[in-house]
Every structure is written in structure tokens, then in C-alpha cells.
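Working through the structure, step by step
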Amino acid sequence: GGATHSERLRAVHKAALVRAIVCAGLYPNVIHAKLPDARYVETAAGAVESENDDAKKIKYYLADRTAGGRVFMQPSCVLFSAT
């Protein structure tokens, strides 16, 4: 039996995550990522931080501020959709 659609989808997501981790490990201290402010939702147990799955809200800057400012990811970049 072959893998189900959801199993294949999870495997693709894991592969993208591994590629992003390897890329970050090979090029440390090149880009600084600024994550969006945390948002909270009210639950019966109190306020809980909600997940932020929107990669478009993450802003990237060169780690060496003297070399420039904000940078943008190419859509074909491994890190473009990795959150």
C-alpha cells in the first residue's frame, strides 16, 4: 500500500523544514528575522498565545546593519514558505 495524501503532505512539509534548517545552519548570522508581535486568545484557562502561521508577516534584515537594511525572499527560496 502506498502512502495516503495526508502522509505525503506531511512528508513534503518535513522535507521543507529540514531544507530550511540546513540552509540556516550553513549561513548563520547572515539574516535576522523579526517575528510579528504575539497575539493572545482568551480561553477558559486564561490567555493563551495564538499560533501565527502567516509567513508574510515575518520581516528579514541583514545581520550586518552597515551592509544594508531589509531583505526580501524570492518565492523560489527554500525559506520563503517555511514558518
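Residues numbered from 1 in each chain as written. Predicted model: local features only at pLDDT ≥ 70, side-chain atom pairs only at ≥ 80, totals over all residues. Heavy atoms only, no water.

1. Here's the deal with the sheet that holds strand β4 (residues 59-62)
Hydrogen bonds between backbone atoms are what pair the strands of a sheet, whose relative direction is either parallel or antiparallel. Strand order in the open sheet formed by three strands is β1-β4-β5, with antiparallel pairing between adjacent strands. Taken across any chain shown, the strands that pair with only one partner, and hence form the sheet edges, are β1 (31-34) and β5 (70-71). (Pairing = 2+ DSSP bridges. Helix = DSSP H or I, 4+ residues; strand = E, 2+ residues; numbered from the N terminus.)

2. Quick look at the confidence of the model for the protein
Put simply, the protein has an average pLDDT of 78, and 83% of its residues get 70 or more. Element-level mean pLDDT values for the protein span from 80 in β1 up to 88 in strand β3 (residues 46-49). (pLDDT = per-residue confidence, 0-100.)

3. A few points about a nonpolar patch on the surface
The grouping of Val18, Val22, Leu26, Tyr27, Val30 and Ile31 at the surface amounts to a nonpolar patch, some 570 Å² of accessible area in total. Looking at the nonpolar patch, the element that brings in the most residues is helix α1 (residues 5-26), giving three residues. Within the secondary structure, Ile31 sits in strand β1. For Ile31, a relative accessible area of 38% corresponds to the partly exposed category. (Patch = residues over 30% accessible without salt bridge, like charges linked within 9 Å, V, L, I, M, F, W, Y side chains within 5 Å. Areas by Shrake-Rupley, 256 points an atom, 1.4 Å probe, with all protein chains shown as cover. Salt bridge = Lys/Arg side-chain N within 4 Å of Asp/Glu carboxyl O. Buried < 20%, exposed > 50% of the residue type's maximum accessible area, 1.4 Å probe, protein only.)

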